[in-house]
Each structure stands twice: as C-alpha cells, then as structure tokens.
Amino acid sequence: GVGTYAINAYSVGRDDFGQTVSTSGVAAINAQSKGKLEHIFDEDLFRVSLTAGKTYAFELLGSLGSGGTLDTQNGSTFSLMGADAMLLDPIATEINRGSPRIQFTARETRDYFLSVGGFDQNDGTYTVKATEVAADAIAPTLAAQWISNGATDVSLTGNMVLAFNEAVKVVGNS
C-alpha cells in the first residue's frame, strides 16, 4: 500500500560456518567440533564423510551437556541432511529435546551434512560430537529363565519370562 516504511539493517558480524555446502565446516568422526550461532535464524552446516553400512551417532551439546551456551531444549534444530544439503526433507531431525542425538546408518559412502540452527531468539555456542557406533558382534546369552531345564508339557499360554545378560529388542507382540 501507500505510506511510509522503514527498513532497518544491522550487522550480524562474521559467521563461523555458513549455510551452504561451500561454506560449511567439517565434523570428523570420533571427534568434536565447536561452533556458534551468532544471531537468531543462523544456521551452521558441517560436512561429515560417512561409509555405507556403518552406523553413526551425532550429538548437539549446548548449555545442557556442558558443550556451550546454546539452549538445545528451546529454539534450536539439529538435522542430518543429504549430499546437496539444500534438501528441505532432512533424513533425521531432532528439535527441542534437550541434548539432541541422531543415530544413522549410511546407505551410501559419501558426504552428508549436519545442520545446527537457531530461531526464536536463540543463539550461542555449541559442540557437535560425531562418533561411529561399534557393531554388537556378541549375541546376548540367556541369564535366567522360569522354566526348568528338561521340563515337559509346559503350557505356553501364559507369560514366559526370560532374562538376558544385556538389553534385547522384542519384535512383534504375539
């Protein structure tokens, strides 16, 4: 419409890591990278090289987790994105969950990108931790059972309780 408008511009200073593939930082596996969101709506990208078939864990540490001053519970995002880093459909995203953690098994050997973003008046320092998750090569062993060895004519209509020497994942509900 017709009227008088004012446009305010301000300097946000120098950005440590950019929002594009060419201005990204690097996150090495089994290492930590430190960064800073200099202003609200800032986004920092980190290139991370992953190997197909391997599983990785990525953590964003801020004021919670003693990794910096960024409030990772409110107003920050942490995402793992594909090779072009411009996809708006991230592979995995954690938003507003304390110290966000992403676990991902690479489908291809290539570069991926971690994105750390701030919005809603949120800026500050942070640490990105990238680790390779070791494969569990030893199967769990049965530590205890509530059926006697050699028992016959045991009814399987009730609950069967088994205890293992480590956590196991139960698949199905029947």
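Just above, that's the structure.
Note that the structure is a prediction, hence the values are computed from the model and not measured. (Residues numbered from 1 in each chain as written. Predicted model: local features only at pLDDT ≥ 70, side-chain atom pairs only at ≥ 80, totals over all residues. Heavy atoms only, no water.)

**Student:** What exactly am I supposed to notice about the overall build of the chain here?
**Tutor:** Regarding its fold elements, the chain presents 0 helices and 11 strands. When the helices and strands of the chain are read in sequence order from the N terminus, they spell out β-β-β-β-β-β-β-β-β-β-β. By residue count, 31% of the 174 residues in the chain fall in the buried class. In the chain, the proportion of contacts linking residues at least 24 apart, taken out of those at least 6 apart, comes to 68%. For the chain, the exposed area adds up to about 11,200 Å²; of that, 52% sits on carbon and sulfur atoms. (Helix = DSSP H or I, 4+ residues; strand = E, 2+ residues; numbered from the N terminus. Buried < 20%, exposed > 50% of the residue type's maximum accessible area, 1.4 Å probe, protein only. Contact = heavy atoms within 4.5 Å. Areas by Shrake-Rupley, 256 points an atom, 1.4 Å probe, with all protein chains shown as cover.)

**Student:** What am I meant to see in unusual backbone geometry here?
**Tutor:** Trans is the common state for peptide bonds, and a negative phi is the common state for residues other than glycine. A positive phi is found at Asn30, a non-glycine position, where the angle reads about 60°. Mapping Asn30 onto the fold places it in the loop between strand S1 (25–26) and strand S2 (31–37). The class of Asn30 is exposed, set by a relative accessible area of 54%. One non-glycine residue, Ser66, lies in positive phi territory at about 55°. Examined against the element boundaries, Ser66 turns out to sit in the loop between strand S4 (55–61) and strand S5 (76–81). Judged by relative accessible area, which is 76%, Ser66 ranks as exposed.

**Student:** Whenever I open this one, the pairing of strand S7 (residues 101–105) confuses me. Can you help?
**Tutor:** In S7, alternate side chains face the same way, and those of Ile102 and Phe104 are buried while those of Arg101, Gln103 and Thr105 on the opposite face are not. In this structure, S4 lies alongside S7, joined through 5 bridges in antiparallel fashion. In the sheet register, Glu59 faces S7, and the bridge partner there is Arg101. (Pairing = 2+ DSSP bridges.)

**Student:** Looking at this structure, I do not really get the sheet that holds strand S9 (residues 124–133). What am I missing?
**Tutor:** Spatially, the 4 strands line up as an open sheet ordered S2-S9-S4-S7, and their pairing is antiparallel. Each of the sheet's edge strands pairs with one partner strand only, and the pair in question is S2 and S7. The mean inter-strand angle of the sheet, taken between neighbouring strand axes irrespective of direction, is 20°. (Axes fitted to C-alpha atoms, helices over the stretch in contact; angles between N-to-C directions.)

**Student:** How should the pairing of S5 be read in this particular structure?
**Tutor:** The two faces of a sheet get side chains in turn, since along a regular strand they alternate between them. For S5, a buried count of 6 out of 6 residues is recorded, marking the element as mostly surrounded by other parts of the structure. Going residue by residue along S5, you find Ser76, Phe78 and Leu80 tucked away on one face and Thr77, Ser79 and Met81 tucked away on the opposite face as well. In this structure, S5 lies alongside strand S8 (residues 110–118), joined through 6 bridges in antiparallel fashion. Note that in S8 the partner of Ser76 across the bridge is Gly118.

**Student:** Before we go on, may I ask you to explain a nonpolar patch on the surface in this structure?
**Tutor:** There is a patch of nonpolar side chains on the surface, built from Leu142, Leu162, Phe164, Val168 and Val170 and spanning about 440 Å² of accessible area. If you trace the backbone, Val170 turns up in the segment after strand S11 (162–164). The exposed category is assigned to Val170, whose relative accessible area is 69%. (Patch = residues over 30% accessible without salt bridge, like charges linked within 9 Å, V, L, I, M, F, W, Y side chains within 5 Å. Salt bridge = Lys/Arg side-chain N within 4 Å of Asp/Glu carboxyl O.)

**Student:** Help me understand the nonpolar core, please; the structure alone is not making it clear to me.
**Tutor:** One broad rule of soluble globular proteins: the nonpolar side chains tend to lie buried together. Formed by 20 residues in total, the largest nonpolar core has its most connected members in Phe58, Leu114 and Val116. When contributions to this core are tallied by element, the ones reaching two or more residues are strand S3 (43–50), S4, S5, S7, S8 and S9. (Core = buried A, V, L, I, M, F, W, Y, C linked by side-chain atoms within 4.5 Å.)

**Student:** Help me out: how do you make sense of the environment of Phe164 in this one?
**Tutor:** Mapped onto the elements of the fold, Phe164 is located in strand S11. Separated by 21 residues in sequence, Phe164 and Ala143 have C-alpha atoms that sit 4.8 Å apart. Excluding residues that lie within four positions of it along the chain, Phe164 makes contacts with Pro140, Thr141, Leu142 and Ala143.

**Student:** When you look at the pattern of salt bridges in this model, what are you seeing that I'm missing?
**Tutor:** When charged atoms on two side chains of opposite charge get close, those side chains can pair. With the rule as written, the count across this model stands at 3 salt bridges. Residues Asp111 and Arg47 are paired through a salt bridge, measuring 3.6 Å at the closest nitrogen-oxygen approach. Separated by 64 residues along the polypeptide, Asp111 in strand S8 and Arg47 in strand S3 bring together distant segments of the chain.

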